[in-house]
Structure formats: C-alpha cells, structure tokens
Amino acid sequence: MFLATIFVVNLVVMGGGAWLSYENEPEIPHTIVGPDGETVATSDDVQSGKAVFQENGLMNQGSMLGRGSYYDVDYTADTLELKTDYMRDYYAQETYETAYEDLETPEQAAIDETVRQELQSSTHGEHVEYSAAETYAHEQVRQDYVETYHEGDRERGIQEGLIPTEEEAEQFADFALWTAWISHTDRPGTDVSFTNDFPYSPAAGNDAGGAVMTWSVIAMVLLVAGAGIAIWLYQAVELPEPEAGGVSIPHPKEIDLTPSQLLSTRFILIGAVLFVLQTFLGGLLAHYYIERDGFFGLRELIGFDILQWLPWSIARTWHVDLGVLWIATMWLGAGLFLAPLLTGHEPRKQALYVKGLIGALLVVAVGGLAGIWLGINNVFDGQLWWLLGNEGLEYVEIGRIWQAGLLVGFLGWTALVARGFKPLLDREPHYGLAHMIVYAGGSIGLLFMAGFLYTPETNFVMTEFWRWWVVHMWVEGVFEFFIIVVIALTLVSMNLLTKKSAEKAVIFQAALVMGSGIIGVSHHYWWAGLPEVWLPIGSVFSTLEFIPLLFILYEALGQYRAMDSAGTDFPYRMAFYFIVASSVWNFFGAGVIGFFINLPVISYFESGTYLTVAHAHGAMFGAFGFLAMGMAVYILRVTTRNTHWSERRLRWSFWLCNLGLAVMLVLSLLPVGLLQLETAFTQGYAASRSLEFYNGGLIQTLFWLRMPGDTLLILGAILFAWDVVAKLLFQRKATAEETSGHVIADRIFGDRSPADPVSDDD
C-alpha cells in the first residue's frame, strides 16, 4: 500500500503537470505574414513539417530542441543561427549595400544589436507579422533545407532524397523555424522564452537566465545533503545483506526444471542474437563520424553505396531499438524462469502460452524493424507510415500497431508471471516479492500507454511531454524497480537472503526509486517548450534520483562480499559478476554522469551532446544490459548439464564488455562531450553541433580512439552469444513432473502439499 501510494501520488503530480503543460503549450500561429501582408507560412505548413520530420526519420538524423540524434545539426539551433545570419545579411545590404562580412567592426556591431533586439522583441499570437529581414531569412533557410535534405549533402552524410520532395523539405524548414521562433519569443507574462532561452545563441540574445544558475546551486546543496542522508539511512535502517557463510546453497543439478523454464531460455537466445546485431550497428555508427559518405571505399571499389541502403537514420534507429529489445527480451525470460523456480508450480498450458509469447515477440520485433526501413524509405501511403512504418520519435520509433503489439506482449507476460507465482501470491501479503514483480510488469505496461496519447498532429511540445513518460519513467522508474525485485528474487532462490529480509530491502529501495524517478522525468522538460515550473521540480527530483543509486551500489558491494565468502565452489559466481557490474555501472553511468549533465547550468549547454551519449551507454548497457546478461547466465547455469558447464567464454565476455565500455567512455565519448561543452560555452550551441566541430583534427582522433572500445564490446557480445548457443546444445531435461519435491520451493514454503502436476505442452 505504501509503494502504491507513492506511485499514485507521483502520477497525480505528473497528471496535474500534464494539464498545466497543455494549458501553456506554445500554440502554432495560424498565419505568419511579411510586412506587406503576404503569407510566409501557416500552421498547416508547420504541422505538415512535423509529420515530414517524423516520417523520414529526421529525429534519428539530427535533433530538435536538443532531442534526438547528435550526428547532424540540431535543427532548432541551426535554423536560429541561419535566421540570424541571413537577417544580418539583409540589413547589411539594405543599410550599407555590401555583404555583412565586408563591414567594419562598429557597423557589424550595430547590425548585430538590431537583429538581436528584433528577435528578442517577438511576440506570441494567433497571427504573427515578420519584419522584412525575418521574411527574407525564412525564405533563405527554406532554400538551404531543400538543398540539404532533398538534394542531399554527402559531406554531411545526408543521402539524396532523404526528404522526397522540395515542398516537404520546405515544410520541414517551417517546422524547424517554428521551434527556433519559440526559442527566442518570450512566453506571455514572463521575461524568458518558451524554451527558457534554449539553445544558447549570443547572436540571437539567448542565454542561461538567473533561474538556471539558482536551481543549479540548490541541486548541488541537495546532492551533498542527499548523499549524507543516504549514508545515514543505510546505517539506520540496517538493510539485510546476502550472506553465504553457513548457508546451504542449492546446486543447479538439485533444482528441478519445468517445461516453461526450458522454453524461457529461448528468450536468452533471441536476446543474445539481437545484442550482437546491436553492437555491429554501433560500430557502423561510430565509423560514420569518420567517413560520412561511404564505408571503407566500397562505393568506389564495387559501387555499393551504404548511404542509400543503410543511411545513418535507419542504422541509428535500429541500434537504439535493438538495445531496448534485447535487454527487455532477456528480462522477459528471467521473469518466466523465476516463477517456477521459487514456487515449484507450473500452471496448466503455461509452456504453450510461453511459446505463443515467443512467437509474438518475433513477429513484433521483425515487423517493427522492417517497418522502420520501409517507413523511412516512404513505401507506405497515407497514415500507414506511422501506423505500420516509422513513427519517427526517438526510442519509440516503431509503428503504432507494432507498439500495440508490444503493449499486449507486456500485459501477456505479466499475466503469465502472475500465473506462475500464484502459490506465492495466494500466501504472501501484498508487499511480497511475487506481488512486486507483478507490479513491476504492470507498471511497464501502464507507462508504455503514454506513448498512445499523441499522434503526428499533436503539438511537438506535448508530444515530447508524453514521449518522456515512456522513455524516462521506464528507465529511471519502473526499470530500476524491476532491477531491485529481480535481484532480490535471485538472491532468495540462491538461499543467500531470506524472503522476508528481501521484501524489507525491496520496499525501502523501491520507495526511494519510485519517489524520485517518476517526477524526475521533468528535467527533460526544461528546454522543450514546457512551463517554467518544471525547472525547480526537475532540479530537485533529478538530484534525489542519485540517492537510491547509492543504495544500489552499497547492495552491490554486499553481493560481492557474499560471493567472495562463498568460496570457489559457489556455482553462481559468474552470474554474480554480471549483476554486481550492473550495479556499479548504474551508479557511474546513471548516477555520476547523469547528475552532472542534469545540473540545469550544465544541461543548458550540454543537452544533445556526446556527454548525453556517454550517459546513455553507461546507464542503458552498463546498468540494464549487464543485469540482463547476469540473469541470462544464472538461467543457463541452472538449465545446462553440469558436465558441460564452463565459464571460460563467459569470463572473457564479461571482461571484454566491461573494458570495452570503459575504454569507449574514457577515450572517446566523455572527451568529445567535454570538448563540445566547452565549444557551446564559448561559441554557442550551434557551433558545438556543427560539421566543423566534428571534423576538427582532435575530435576525429578521439573518434578513432573509440575503435578499441567498440572492438572489445563486439567481441564480448559475440563470445556471449556463442556461449549461449553452446550451452543450449547441452540443456537439461524437464524433471519437475517426476517429483513432488523442489529444493527451493520447499525452503520458501516450508511443509507444503505435493506439487501440482506440470504442463506437458512442450
């Protein structure tokens, strides 16, 4: 009830925030006219441009308002910079009849001030009137975007026909220019723009305001206080730690297996294959920063143009989606495996339903990934581009119908897990471990439904509001909750922790995670055109998110001590290596880097740079990927014949993946991100995302230095997948139907009646 109250209160707060955001969204002007009354753009043009942006995968080519891919420019910053430059050119010609760059410094300064004042004096309304300079600049930016995104620009890695027609390219420019307009136009009744003056552009008059500085200081104070409180709580609450000394740890050969448990290993196999594919795509994406218009000269050698067949936008979309998919797939398998392990209970036809879930997963995965390629290549007509093809929003790119399939899959998985845990659900209180994993599964499905609350016609600002409900609340809310529950269940199954002690730890840590992680989504709203109120809320709760990560790190140290004291005969040592690594990377990737980039004063300049890439890799693969691998290893250890068990390949995979991730972060991602941050500080946000920055000598060297880390990661993924396949060849047989006893379930339940007969649907 306590956790449910926290969850509901969080959703009520965010629901009130949704209403406030709708009330204050920056409406698109019905018409934008020039000084002579001629229409420059309409709301239909802007809205059509948003559809072009999504349909053609442009959020995975570049970014809008700092959200998306970092390969191309940020379209908001780019159009704002171009608009400023063209307005300067206009006034130079009108006033001095010469080019702006040919003017003397005092004359340039006078024009700079005129342009800055004109942009900063823009007013919001249903009908907007441009000056002659703005009208000229708008038309020039349109033409630039036709040349770049319709005709193509191979130097920037943009294939010809990325946007199919000139008209659509102009509409995309209208959309990008609208986001630039709300970035320099003050929200009515305030002295800051709709985006809190993001992106930073001295030429346009955009700069971090006093509130950004103030809340950054408050966040730092909260961090120090929060860390102290976390340490005090850890000592005061006395959370139980796993203990191996004097404990009888069940050996894998003593554990009876059910048909559905053996089928759950198929999720591990699918996940391992997807993991390998994701790492290869990651290597390709890294290479694109070095060679934007080809792949090791294959175009010149054999005429194969990778830019036409597998351009950045598609490769990056697949890379991101595969990362979520392979991790989630292994987690699904873990949940289905743990239920019979702890209950000794296999519901009738459970194996048949698990087979159906595997089939549905394959259909959605293949259909969704194929739909992305078909959608970006404009195969679908009418509304099918976002229903079956590519919805075009980062992390939720697959078509809406495939998303509905995922939602049904999540709900189906939750139902199957609940069926498997029914003996525990019937006996334990509502805060028991079995209830917790069902709550976690239900929460994943519930928050995923936020992705159905917008369409391509929805204002982009509110689209971003709901998209982050899915992305952030999953990752820093229910995913963290799921991690805590799954690790607790695993420790209980190993007899390293009693069920009662595990429940106490889970409730406490889950309360911290849920209490900060859900409302913490608001740090994504600061620069997205949403109300100013999100700045203080996001600053406070983003800082509080750091506290549960400290507990997870402490827990990892306790797990390591338990593993160390268990001796060399401990059968689950390799699984523990991955689980402990997950907690350490969670603290570093999500906690340390996450806190740094989410300080408002850093986020203002950093959002959409390589520091975010470092955070994403450290948090997503480091925290969630290693946990998925750890659970996979645990499942394989129990299901593989003891005579054919070997840890050699897994040990190599473990170190290759850890070293690869560390090398990638330290030698490439973090240095590039810090240099981008410095460039944004000194030259403006647009400069930090420009081709000139990426093609700089030092930056190119740092991109090359990513190769060792990428290579180690790819080798680690291949070894892991190889080991999964090898161990599945020597899988044990289902034995649970041959006995009424179960070594783990008997301990958890005590004296219990003979086990229910298991399903024979396999």
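Reading guide: rules and limits
- Residues numbered from 1 in each chain as written.
- Predicted model: local features only at pLDDT ≥ 70, side-chain atom pairs only at ≥ 80, totals over all residues.
- Heavy atoms only, no water.
- Pairing = 2+ DSSP bridges.
- Helix = DSSP H or I, 4+ residues; strand = E, 2+ residues; numbered from the N terminus.
- Axes fitted to C-alpha atoms, helices over the stretch in contact; angles between N-to-C directions.
- Buried < 20%, exposed > 50% of the residue type's maximum accessible area, 1.4 Å probe, protein only.
- Contact = heavy atoms within 4.5 Å.
- pLDDT = per-residue confidence, 0-100.
- Polar contact = N/O pair within 3.5 Å; in protein donor to acceptor, adjacent residues only side chain to side chain.
- Expected span 1.5 Å × (residues − 1).

Caption draft 1: Quick peek at the sheet that holds strand β1 (residues 31–33). What the 3 strands build is an open sheet, ordered β2-β1-β5; its pairing is mixed. Two strands bound the open sheet, and with one partner strand each, they are β2 (39–42) and β5 (127–129). Neighbour-to-neighbour, the strand axes of this sheet turn through a mean angle of 20°, independent of strand direction. Here 3 bridges tie β1 to β2, and the two strands are oriented antiparallel to one another. Considered in β2, the bridge of Thr31 is made with Thr42.

Caption draft 2: Looking closely at the environment of Gly125. Locating Gly125 in the fold gives a position in the loop between α4 (105–120) and β5. The partly exposed category is assigned to Gly125, whose relative accessible area is 22%. The spatial distance from the C-alpha of Gly125 to the C-alpha of Ile32 is 9.9 Å, given a sequence separation of 93 residues. Excluding anything up to four places from it in sequence, Gly125 contacts Pro29 and Trp181.

Caption draft 3: Just the confidence of the model for the protein chain, in detail. Here the protein chain averages 87 in pLDDT, and 89% of its residues register 70 or above. Every residue in residues 751–762 scores below 50 in pLDDT, and together they form 34 contacts with partners more than four places removed in sequence or on other chains.

Caption draft 4: Expanded view of unusual backbone geometry. Look at the link from Phe198 to Pro199: it is a cis peptide, with omega at 5°. Tracing the backbone through its elements, the reader meets Pro199 in the loop between α6 (166–184) and α7 (210–237). If you check the backbone angles, Asn378 has positive phi at about 60° while not being a glycine. Mapped onto the secondary structure, Asn378 falls in the loop between α12 (350–376) and α13 (384–389). With phi around 75°, Tyr395 is a residue other than glycine that occupies positive phi space. With respect to the element layout, Tyr395 can be found in the loop between α13 and α14 (400–420). Judged by its relative accessible area of 31%, Tyr395 is partly exposed.

Caption draft 5: Summary view of the environment of Thr701. The residue Thr701 is located in helix α27 (residues 697–704) in this model. A polar atom in the side chain of Thr701 sits 3.0 Å from the backbone oxygen of Gly697.

Caption draft 6: Region of the structure containing helix α23 (residues 610–639). End to end, α23 covers 41 Å across 30 residues, agreeing with the expected 44 Å (1.5 Å per residue, within 8%). In terms of burial, α23 is largely enclosed, as 29 of its 30 residues are buried.

Caption draft 7: A look at the environment of Val354. Inspection of the secondary structure puts Val354 in helix α12. Among the residues examined, Val354 registers a relative accessible area of 1% and is labelled buried. Along the primary structure Val354 and Ser260 are separated by 94 residues, whereas in three dimensions their C-alpha atoms are 6.6 Å apart.

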